[in-house]
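This is what each chain is made of:
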Amino acid sequence: MTRLGDVSDMLVGFAFKSAGFLDADADGVRILRGDNVQQGYIRWGDKTKKWPVAQCDGLERYQLAEDDVILAMDRPIVGDGLKMAWIRPEDLPALLVQRVCRLRGKPDMALTKFIRYVLAAPDFSGHIHRITTGANIPHISGKDIAAYEFELPDLEDQVRIVECLSAYDDLIATNQRRIALLEDAARRLYREWFVHLRFPGHESVPVKDGVPEGWRKTPIAEQTSFLNRGIAPKYDDAAKGRVINQKCIRDGRISMEPARRQSKDVKPDRLVQMGDVLINSTGAGTLGRVAQVRAPIDDCTVDTHVTIARPIDEGSWTYFGQALLNLEPVFSEMGKGATNQLELSRSDIGAVEIWLPPQHLHAEFERLVGPMLVQAEQLSVANLSLEKARDLLLPKLMSGQLDVSGIALPAEVAA
């Protein structure tokens, strides 16, 4: 068995002072914090912070390079997934921040890309689960990471394993980038039309007191046919029913991986439907997160910590979903109660006003944006299949149970 610390160059980031952080649009170098490390990728966007270029002298050691393996040391496990990613060309330049660990394979011993798959294997996640400490902020140390032991094949076999698994990861990453571009285009068009009010034909529409003619604002409650929280589930791993919890809602998307099986009978109106918008409604940190159901989910509800907002008009699904996604920062600040017991009530959600634009704009927005989101959903489904295939191969390849020379590489899935 080989210790991870013996075959990898490990570095924990620099203790930058948060007072010196710059926002995303400022001139500076991006700094990679634990918040940026997701399960398999680096998230920038609204999580971006920068460091002034003039203050980067002496920080060369903390400059990241392509393929560097990154592991969050605070809250390293989110749901059932490890906050581990690797650096792609579009992530550079970037500097490493404290409480984030960077790993590189040592020359003639281990490939950096092979180290990535060591950390991606289920055995490593099990190791992290066992060693994570801390009640308020679960964390791991560099010493804990370095102590992990695994079977290290020779360099030739490492190359074969990396080639096989990278083919899956490269295709998944391509799909993720396409999804992000499609979702960003949808958000931008929403904001252009319904926030900045530069909708088609706006030049000829009279505006009085900031309200275009034919437009009005109405409470969310008036644009929904159902606005309520879910059920107190009866968990049963053998049941057919599923229940979505707050961990399922992240980055504007729904992940069914953290969902659980449950056996309680559910009223039809509390089963999630296409077009439903789900809003996290309990507790600091996750409060106010929003995602829309964009594909059928059979026999599935939400628990009492999640609110379902169902649009009253099927033709306005896309508009309604983007409107509530745009309100995520507002919802996140609306909680009432003690810090650890914040609640976002359905009445408070329902009282928030959104535009009710003319029907022809609903239809045109649906025509333009609906296909974007359908394609994004198709790519998400394709990625689930690719991830499942890769995850079945990963432990068998890493343990030597499979001969990598006989494994076929994945074909690209047409969007």
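Residues numbered from 1 in each chain as written. Predicted model: local features only at pLDDT ≥ 70, side-chain atom pairs only at ≥ 80, totals over all residues. Heavy atoms only, no water.

Looking now at the side chain of Thr224. Note that Thr224 resides in strand β15 (residues 224-229). The exposure class assigned to Thr224 is buried, which follows from its relative accessible area of 10%. In terms of polar contacts, Thr224 uses its side chain to reach the backbone carbonyl oxygen of Ala221, at 3.0 Å. Those residues in contact with Thr224 that lie beyond four places of it in its chain are Ala309, Arg310, Pro311, Ile312 and Phe320. (Helix = DSSP H or I, 4+ residues; strand = E, 2+ residues; numbered from the N terminus. Buried < 20%, exposed > 50% of the residue type's maximum accessible area, 1.4 Å probe, protein only. Polar contact = N/O pair within 3.5 Å; in protein donor to acceptor, adjacent residues only side chain to side chain. Contact = heavy atoms within 4.5 Å.)

So, on to the confidence of the model for the protein. Confidence along the protein averages 92 in pLDDT terms, with 96% of residues attaining 70 or more. Per-residue pLDDT, averaged within each element of the protein, yields its smallest value for strand β6 (residues 77-78) (80) and its largest for strand β20 (residues 277-280) (98). (pLDDT = per-residue confidence, 0-100.)

All right, on to the pattern of salt bridges then. Under the defined criterion, the tally for this structure stands at 24 salt bridges. Here Arg43 ties to Asp251 by a salt bridge, and the two come within 2.3 Å at their closest N and O atoms. You can see Arg43 sitting in the loop between β3 (29-32) and β4 (50-51) and its partner Asp251 sitting in the loop between β17 (249-250) and β18 (253-254), a full 208 residues away along the chain. Here Arg390 and Asp391 are joined by a salt bridge, their closest N and O atoms 3.0 Å apart. Among the residues examined, Asp391 registers a relative accessible area of 40% and is labelled partly exposed. (Salt bridge = Lys/Arg side-chain N within 4 Å of Asp/Glu carboxyl O.)

Another point: the packing of aromatic side chains. Considering all chains together, one arrives at 16 aromatic pairs under this definition. Both rings, one in Tyr190 and one in Phe365, keep their centres 6.4 Å apart while their planes meet at 70°; by these two values the pair is edge-to-face. Of this pair, Tyr190 sits in helix α5 (residues 155-194) while Phe365 is found in helix α9 (residues 359-399), placing the two residues 175 residues apart along the sequence. Considered together, Tyr190 and Phe365 belong to a single accessibility category, that of buried residues. A ring pair is formed by Phe194 and Phe365, whose centres lie 5.3 Å apart and whose planes are at 80°; its orientation type is edge-to-face. Of the two residues, Phe194 sits in helix α5 while Phe365 sits in helix α9, which places them 171 residues apart along the sequence. When its relative accessible area of 0% is taken as the criterion, Phe365 is described as buried. Within the aromatic cluster, the residues linked to one another by ring pairs are Tyr190, Trp193, Phe194, Phe199, Trp215, Tyr319, Trp355 and Phe365. A cation sits over an aromatic face here: Lys217 above Trp355, 5.0 Å from the ring centre. Over the ring of Tyr235 we find Arg260; its NZ or CZ atom is 3.8 Å from the centre of that ring. (Phe/Tyr/Trp six-rings, centres within 6.5 Å; stacked < 30°, edge-to-face > 60°. Lys NZ or Arg CZ within 6 Å of the ring centre and 35° of its normal.)

Read from one edge to the other, the open sheet built from four strands follows the order β15-β23-β20-β21, with strand pairing classed as antiparallel. Looking at strand neighbours, the two that pair on one side only are β15 and β21 (290-292), the edges of this open sheet. For this sheet the average axis-to-axis angle between neighbouring strands, irrespective of direction, equals 15°. Where β20 lies against strand β23 (residues 306-311), four bridges are found, and the strand directions are antiparallel. Within β23, the residue paired with Val277 across the bridge is Ala309. (Pairing = 2+ DSSP bridges. Axes fitted to C-alpha atoms, helices over the stretch in contact; angles between N-to-C directions.)

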